[in-house]
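The primary structure of each chain is shown beneath.
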Amino acid sequence: MSGHTAPSLLLNDEQKMLSKTAHEFIRERAPAARIRSFRDSRDEVGFSRELWNEMAELGWLGLQIPEDYDGLGLGFFDLCVVLEQSGRELMPEPFVSTLLLGTQTLLLGGTEAQKKALLPGIAAGEMLLTVGHEEASSRDDSSKRATVARKSAEGFELSGEKIQVLDGHLADRIIVSATTSDGGCTLFLVDPADAGVTTKRQFRIDGLNAAIVKLDGVAVHRDDIVGELGGGATLLQAVFDRAAVGLSAQMLGASEQAFADTIEYIKEREQFGVPIGSFQALQHRAVSVYTEIALTRSVVLAAARTIDEAPDEVPRLASLAKAMASETFMHAAKEAIQMHGGIGVTDEHDIGLYIKRAQATYMTFGKPSQHRQRWAELHGY
Amino acid sequence: MSELDDFRAEARTWVRENAPKSLWGTSGSGPFDGYWGGSKCEETDPDVLRWRDLGIEKGWTAPSWPKEYGGGGLSHGQEEIIHAEMKAIEVPRPVAGQGLCMFGPVLLKYGNDAQRAQHLPGIARGEVRWCQGYSEPNAGSDLANLQLKAERDGDEYVLNGQKVWTSHANLSDWIYCLTRTDPNAPKKQMGISVILADLNTPGITVRRIDLISGYSPFCETFFDNVRVPDENLVGTENEGWTIAKAILAHERSSIGRSIARQPGSAQREVVARTRKHLDVADGPIPDPLLRDEVASLGMLEEAFHLTLARIQQSAASGTPGPEGSITKIVGTELKQKRFELGMKVAGTQGLGWEGPGFDEDDLQYTRDWLRSRASTIEGGSSEIQKNIVSKRVLGLPEGKT
């Protein structure tokens, strides 16, 4: 808000209702403890398809998808209302891959045919989409990308290897970035069933599912380019900004839940004959976490609002939201463990799940220091 | 919503048409920025006085007070809008100060009709300046330990004792005091009464206190057999603690808001000082660690402003809630970080106290940095604010203090 009036940071009545419904549904049906059972059973999917379908029926997967493609035609802000609640219980369902990376890429750069073919399926919960961008050699610097797209008669042939592709183990389509002969970056829509694509499941600390996606001369048609030829880097940046905001909404929810569980714990846990929450040393640290969460809530809501209403402000606010939400979630997760004491570092207790997700989200879509650097650039210093 | 939008357009037009051009861009536009007035005021700037008069005439020095007391009869939402419009062009409020933002709203709620009629119009018109008699040498963070004695004698109270940190007592006309009317009350929060005193009353002595910055608005105020009429008691005798807390809530919120200058101004200030002292005309700050620190400050600043906006949007009512405690904690932290960073980039040029070899801006900045250390202490220290949030917002059990 450089001098002008602040955006509306309040939820309207429908959004409050949506938030409440989602909160109750997720608390009841999708407790964070699921992360542990998916891990221990080496579940092949790694999340619940049934739950994903139910959320599709509730309309949550198509909230932001335009009505022309069988969605509800609401805003990114509405999607963030659900994302915040999904973050509370660290849901491993494919929100980030399908609703953030995949859907935003289509909405920002997809052709009419691509949107018609894929968005209705996403809204219905039948289509899982993801983006493969990270490579072993280009983790922080996408210009070191090794995946190439060689021109062929029909279009292009893709070769390379993408790592930590979220839900890449069972996505129905994967959008991958590749370098063309002129050195530019272009995005291509790939069907993992096509010849030359192999995926290998990866297991991470945070319970999100990922895969290594190997492309060995995969033939793609010209029509499978997403966005402009050579326009991949710009498009991806815009997608990552939105994804960073959506992820920040999840981090906000996760911070709130970890904090709420911790407050509840220190009110009950007694040592020296009194609840440990009566100790000022813990109280003041709790207030610090509370304050950071309050600040983070403001920036996440503002960033979500700009995506719908002030596109020029998105880069600045996305960096603000991602940097602050990352630091807040990490701080909340660390304090949650410390205040739980010994039980907090056991695998048995759910509170330890939060720091694993905090570490993963901290590193996803730009670390805080990278966002602060971009913030400085955007402000001319 | 559209009604408030209409009002915003009206307020914008009025403020821009009436605020003297010389005052544009000169103020943080907070509750303490503007003409403080009172009988000892020596303001001579004709534009300041004209702006004051226009504000009084419109009823917009105290927009949400009833018209009969010199206010504008508007809602708190409308008042927010008027203040936001003044802030948008950085003009001071036509009249500002503790009477308007702290004492007045509480007198409106807890005072009787006679007291409202006696005191509020003078505050709204900037004719009577008020100061606060709260802290004492042995009652700082533990405010309820206050001992200024008020004994009834017929239809008068006799005041004996001392107040400290009475900001601007030397320039004020009246003081609202927390007094001890029942020294035998079972709890120290009981037996406290709010009593008003004209500072011209015989027996009152005011002495200034210098701070580490070399100057200060603060005073000590001594009471030696000071007689005030019992009609100066606000609310019920011995039940003043509730009123005291209400004024403190307004103070916290006002301090938070007064720190909230123009969004982005702290970052701009620190970047400008960096360019000046490190001789970087434009482009990126070469030191990546320093740049990261400046960006952290800029982000905290924006988050603070967005949070103030969110609180204002959700709280249409006039009583600041516990969120006020957070705004003071964060606002004062932001202020201190800003000055620390501004001092850091100045290096040894920030070490000047006075005299040759230092420019005026740097000398002033250093004094302001020193002054900023008080911000996390005055108006309830950050630790006290955290105690309040811990108890009232988080519901944590009270500890043994």
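If you're wondering where the values come from, they're calculated on a predicted model, not measured in any experiment.

**Regarding the overall build of chain A**
Consideration 1: When its secondary structure is counted, chain A shows 11 helices and 10 strands.
Consideration 2: The C-alpha atoms of chain A give a radius of gyration of 21 Å, which matches the 21 Å a tight globule of 381 residues would have.
Consideration 3: Counting only C-alpha atoms and orienting by the principal axes, one finds that chain A spans roughly 80 × 55 × 40 Å.
Consideration 4: Within chain A, residue pairs in contact and separated by at least 24 positions form 73% of the contacts whose partners lie at least 6 positions apart.

**Things to note about the overall build of chain B**
Consideration 1: Regarding its fold elements, chain B presents 11 helices and eight strands.
Consideration 2: Here the C-alpha radius of gyration of chain B, 22 Å, is about what a compact globule of 401 residues would show, namely 21 Å.
Consideration 3: In terms of overall dimensions, chain B has C-alpha extents of about 75 × 50 × 50 Å along its principal axes.
Consideration 4: Counting only residues that meet the buried cut, chain B has 47% of its 401 residues in that class.
Consideration 5: Across chain B, every contact between residues at least 6 apart in sequence was considered, and the portion connecting residues at least 24 apart equals 73%.

**Here's the deal with the domain arrangement of chain B**
Residues and elements named next belong to chain B.
Consideration 1: Domain parsing of chain B yields domain 1 (2-124), domain 2 (130-239) and domain 3 (260-393).
Consideration 2: If you average the C-alpha positions of domain 2 and of domain 3, the two centres end up 32 Å apart.
Consideration 3: Each side of the interface is counted separately: domain 2 has six residues, and domain 3 has eight residues.
Consideration 4: Partitioning the side of domain 2 that touches domain 3 into residue classes produces three nonpolar, three polar and no charged.

**Observations regarding the nonpolar core**
Across soluble globular proteins, nonpolar side chains have a tendency to be buried as a group.
Consideration 1: With 148 residues, the main nonpolar core has Leu158(A), Phe188(A), Val299(A), Ala303(A), Ala304(A) and Ala321(A) as its most contacted residues.
Consideration 2: With 18 residues, the single largest contributor to this core is helix H7 (residues 232-268) of chain A.
Consideration 3: Those residues in contact with Ala304(A), other than ones at most four positions away along the chain, are Phe76(A), Phe77(A), Cys80(A), Val245(A) and Ala249(A).
Consideration 4: Core analysis: the second largest hydrophobic core is formed by 51 residues, Leu159(B), Ala169(B), Ile192(B) and Ala244(B) among them.

**Side note on the packing of helix H5 (residues 95-109) of chain A against H7(A)**
Residues and elements named next belong to chain A.
Consideration 1: Look at H5 against H7: their axes get within 9 Å of each other, and the N-to-C directions meet at 140°. The angle between the axes of H5 and H7 places the two elements in the oblique class. Once H5 is placed against H7, the crossing between them reads as right-handed. Of the residues in H7, those in contact with Val96, Leu100, Leu101, Gln104, Thr105, Leu108 and Gly109 of H5 are Leu235, Ala238, Val239, Arg242, Ala243, Gly246 and Leu247.

**Observations regarding the interface of chain B and chain A**
Consideration 1: Facing 36 residues of chain B, the contacting portion of chain A comprises 34 residues.
Consideration 2: Sorting the residues of the side of chain B that touches chain A by element identifies helix H7 (265-278), helix H8 (288-314), helix H9 (323-346) and helix H11 (382-393) of chain B as the ones contributing at least two each.
Consideration 3: Broken down by element, the side of chain B that touches chain A gets its largest block of residues, 17 residues, from H8(B).
Consideration 4: Broken down by class, the residue content of the side of chain B that touches chain A amounts to 19 nonpolar, 10 polar and seven charged.

**Digging into the domain arrangement of chain A**
Residue and element names in this part refer to chain A.
Consideration 1: Split by domain assignment, chain A resolves into domain 1 (13-128), domain 2 (131-230) and domain 3 (233-378).
Consideration 2: Look at where the C-alpha atoms of domain 1 and domain 3 centre, and you get two points 21 Å apart.
Consideration 3: With 23 residues of domain 1 in contact, the opposing surface of domain 3 contributes 22 residues.
Consideration 4: Within the residue set of the side of domain 1 that touches domain 3, elements represented by two or more residues are helix H4 (76-88) and H5.
Consideration 5: It is H4 that provides the largest number of residues to the side of domain 1 that touches domain 3, a total of 10 residues.
Consideration 6: Classifying every residue of the side of domain 1 that touches domain 3 gives 13 nonpolar, seven polar and three charged.

**Quick notes on helix H4 (residues 98-110) of chain B**
Residue and element names in this part refer to chain B.
Consideration 1: By the largest-angle criterion, Gly104 marks the main kink of H4, which is about 40°, and a proline, Pro105, follows within four residues.
Consideration 2: Burial analysis of H4 places 10 of its 13 residues in the buried class, the great majority of the element.
Consideration 3: Listed as buried for H4 are Gln98, Gly99, Leu100, Cys101, Met102, Phe103, Gly104, Pro105, Val106 and Leu107.
Consideration 4: Against the buried residues of H4 lie helix H5 (113-124), strand S1 (130-133), strand S4 (174-180), strand S8 (233-234) and helix H6 (241-259).

**Notes on the environment of Arg373(B)**
Residues and elements named next belong to chain B.
Consideration 1: By the secondary structure assignment, Arg373 is in the loop between helix H10 (360-372) and H11.
Consideration 2: The class for Arg373 is partly exposed, based on 15 C-beta atoms found within 10 Å.
Consideration 3: Expressed as a C-alpha distance, the spacing of Arg373 and Ile212, which sit 161 residues apart in the sequence, is 9.2 Å.

**A short note on unusual backbone geometry**
Residue and element names in this part refer to chain A.
Consideration 1: Phi at Leu90 is positive, roughly 55°, even though this residue is not glycine.
Consideration 2: With respect to the secondary-structure elements, Leu90 resides in the loop between H4 and H5.
Consideration 3: The class for Leu90 is buried, based on 28 C-beta atoms found within 10 Å.
Consideration 4: Positioned with a positive phi, Gln164 is a non-glycine residue whose angle comes to about 45°.

**Overview of the environment of Thr26(B)**
Residue and element names in this part refer to chain B.
Consideration 1: Mapped onto the elements of the fold, Thr26 is located in the loop between helix H1 (2-18) and helix H2 (46-58).
Consideration 2: In sequence terms Thr26 and Ile89 are 63 residues apart; their C-alpha atoms lie 8.8 Å from each other.
Consideration 3: Beyond its immediate chain neighbours, meaning those up to four positions away, Thr26 contacts Glu90 and Pro92.

**A word on the pairing of strand S2 (residues 149-153) of chain B**
Residues and elements named next belong to chain B.
Consideration 1: Both S2 and strand S3 (residues 156-164) contribute to a ladder of five bridges, which runs antiparallel. Bridged to Glu151 within S3 is Val158.
Consideration 2: Hairpin connection between S2 and S3: a loop of two residues separates the two successive antiparallel strands, and Gly154 in this loop has a positive phi of roughly 65°.

**Let's talk about H7(B)**
All names here are of chain B.
Consideration 1: Along its 14 residues, H7 runs 20 Å from first to last C-alpha, staying within 8% of the 20 Å computed at 1.5 Å per residue.
Consideration 2: Restricting attention to buried positions, one finds in H7 the residues Ala266, Gln267, Val270, Val271, Arg273 and Thr274. For H7, the arc enclosing every buried residue in end-on projection is 160°, short of the 170-degree limit, so these residues lie on one face.
Consideration 3: Positive backbone phi, at 55°, marks Asp279, one or two positions downstream of H7.

**Notes on the packing of helix H1 (residues 13-29) of chain A against H4(A)**
Residue and element names in this part refer to chain A.
Consideration 1: Interaxial distance between H1 and H4 falls to 9 Å at its minimum, and their mutual angle equals 25°. By the angle between their axes, H1 is roughly parallel relative to H4. For the pair H1 and H4, the crossing hand works out as right-handed. Residues Gln15, Leu18, Ser19, Ala22, His23 and Ile26 of H1 lie in contact with H4, whose contacting residues are Asp78, Val81, Val82, Gln85, Ser86 and Arg88.
Consideration 2: Among the residues forming the contact of H1 with H4, the class breakdown is five nonpolar, five polar and two charged.

**As for the pairing of strand S4 (residues 173-179) of chain A**
Residues and elements named next belong to chain A.
Consideration 1: Counting buried positions over the seven residues of S4 gives six, a clear majority of the element.
Consideration 2: In this sheet, S4 lies alongside strand S1 (residues 129-132) in parallel orientation, the contact comprising four bridges. Across the sheet, Leu129 pairs through a bridge with Arg173, a residue of S4.
Consideration 3: Sheet topology places S4 next to strand S5 (residues 185-190); six bridges connect them, and they run antiparallel.

**Focus: the environment of Glu90(B)**
All names here are of chain B.
Consideration 1: Tracing the sequence through the fold places Glu90 in the loop between helix H3 (76-88) and H4.
Consideration 2: Note on Glu90: 19 C-beta atoms within 10 Å, which makes it partly exposed.
Consideration 3: The spatial distance from the C-alpha of Glu90 to the C-alpha of Gln262 is 7.5 Å, given a sequence separation of 172 residues.
Consideration 4: In contact with Glu90, other than residues within four places in its own chain, are Trp24, Gly25, Thr26, Ser27, Ser29 and Gln262.

About the criteria used
Residues numbered from 1 in each chain as written. Chains lettered and ligands numbered in written order. Predicted model: local features only at pLDDT ≥ 70, side-chain atom pairs only at ≥ 80, totals over all residues. Helix = DSSP H or I, 4+ residues; strand = E, 2+ residues; numbered from the N terminus. Rg over C-alpha atoms; globule rule 2.2 N^0.38 Å. Contact = placed C-beta atoms within 7 Å. Buried ≥ 20, exposed ≤ 12 C-beta atoms within 10 Å, placed from the backbone. Domains from an automatic or database assignment. Nonpolar A, V, L, I, M, F, W, Y, C, P; charged D, E, K, R; others polar. Core = buried A, V, L, I, M, F, W, Y, C linked by C-beta atoms within 7 Å. Axes fitted to C-alpha atoms, helices over the stretch in contact; angles between N-to-C directions. Parallel < 35°, antiparallel > 145°, perpendicular 65-115°, else oblique. Left-handed = near helix turned anticlockwise from the far one by under 90°. Bend = angle between axes of the 7 residues up to and from the residue. Pairing = 2+ DSSP bridges. Expected span 1.5 Å × (residues − 1). Arc of directions from axis to C-beta.

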